Amino acid sequence: MKHLSAKLNNINSVWFVIALTLLGFNFFFQLGFISDDSYNVHFRGQLILNNESLLHFFKDVMLAIPDGSRFQWFGIIYNFGTYYFIQNALIFKFITLSLIASNVYLLYSFIEKISKSPGLALLIVAFLPFLFQVRNWHDPLIAFTFMWPLMGFLILSSLLIFLNHLKKPNYLKLFFSFFLYFLACGIYEVPYFIYPVFFL
């Protein structure tokens, strides 16, 4: 009973940290689109202007990937696919904040599982909001169509599922872990350097 009470207190503390994190972003909903988002929001109109379908656009972009220097296939699909259906800045901000909140909880869960110390995990996520920076134009949190929060969500989800697989082997879990990691690699290059974790 005492262990359960301590666990509930830790979970409540994590939610308190998440609430403070989101409170720190209260200015978020007052912003419009910045950086590349200010161009991408016009994506659907550009397709209409060029008399081009979404599928034709994706086909052309995907065929051009082998000639480019980046393998951002999933980033292209989610980015332009989202702007094709949604042009409301508030919805984008809500998605971004939801991903940030989820990442705080996922990071807590990941650290708690590998360290076996809820206190250490809580201490780390409590300092996490102090590491956030907000700057004009090229900002990882308020620009680039929630790319960094989404990438963090996919990486942390992948690692947590992988840890569950190690604890209780299940090839379905292993598949989903690698699949989420593969999606993250399809957004940007940063996840490439995490692959050794899966072989430790």
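The sections below set out a description of the structure shown in this document.

**Things to note about the packing of aromatic side chains**
Overall, the coordinates contain 18 aromatic pairs when judged by the stated rule. An angle of 65° between the planes, with centres 5.2 Å apart, marks the rings of F57 and F80 as edge-to-face. Remark: F80 occurs in helix α5 (residues 73-85) and F57 occurs in helix α4 (residues 54-64); sequence separation between them is 23 residues. Both residues of the pair, F57 and F80, count as buried. Every member of this aromatic cluster is reached through a ring pair, and the members are F33, W73, F74, Y78, Y83, F92, F146 and F182.

**Let's talk about helix α6 (residues 89-115)**
Helix length check: α6 (27 residues) gives 39 Å between terminal C-alpha atoms against 39 Å at 1.5 Å per residue, within 8%. You can read the cap of α6 off the contacts: a side-chain oxygen lies 2.8 Å from the backbone nitrogen of L90, and it is on N88. K116, located one to two residues past α6, shows a positive phi value of around 60°.

**Some points on the nonpolar core**
F43, F74, Y78, L150, L154 and I187 are the most contacted members of the largest nonpolar core, which has 48 residues in total. Of all the secondary structure elements, the ones that give two or more residues to this core are α1 (2-24), α3 (43-49), α4, α5, α6, α7 (118-127), α8 (147-167) and α9 (171-185). In this structure, F25, I34, L97 and I100 belong to the second largest nonpolar core, which totals eight residues.

Parameters at a glance
- Residues numbered from 1 in each chain as written.
- Predicted model: local features only at pLDDT ≥ 70, side-chain atom pairs only at ≥ 80, totals over all residues.
- Heavy atoms only, no water.
- Phe/Tyr/Trp six-rings, centres within 6.5 Å; stacked < 30°, edge-to-face > 60°.
- Helix = DSSP H or I, 4+ residues; strand = E, 2+ residues; numbered from the N terminus.
- Buried < 20%, exposed > 50% of the residue type's maximum accessible area, 1.4 Å probe, protein only.
- Expected span 1.5 Å × (residues − 1).
- Polar contact = N/O pair within 3.5 Å; in protein donor to acceptor, adjacent residues only side chain to side chain.
- Core = buried A, V, L, I, M, F, W, Y, C linked by side-chain atoms within 4.5 Å.

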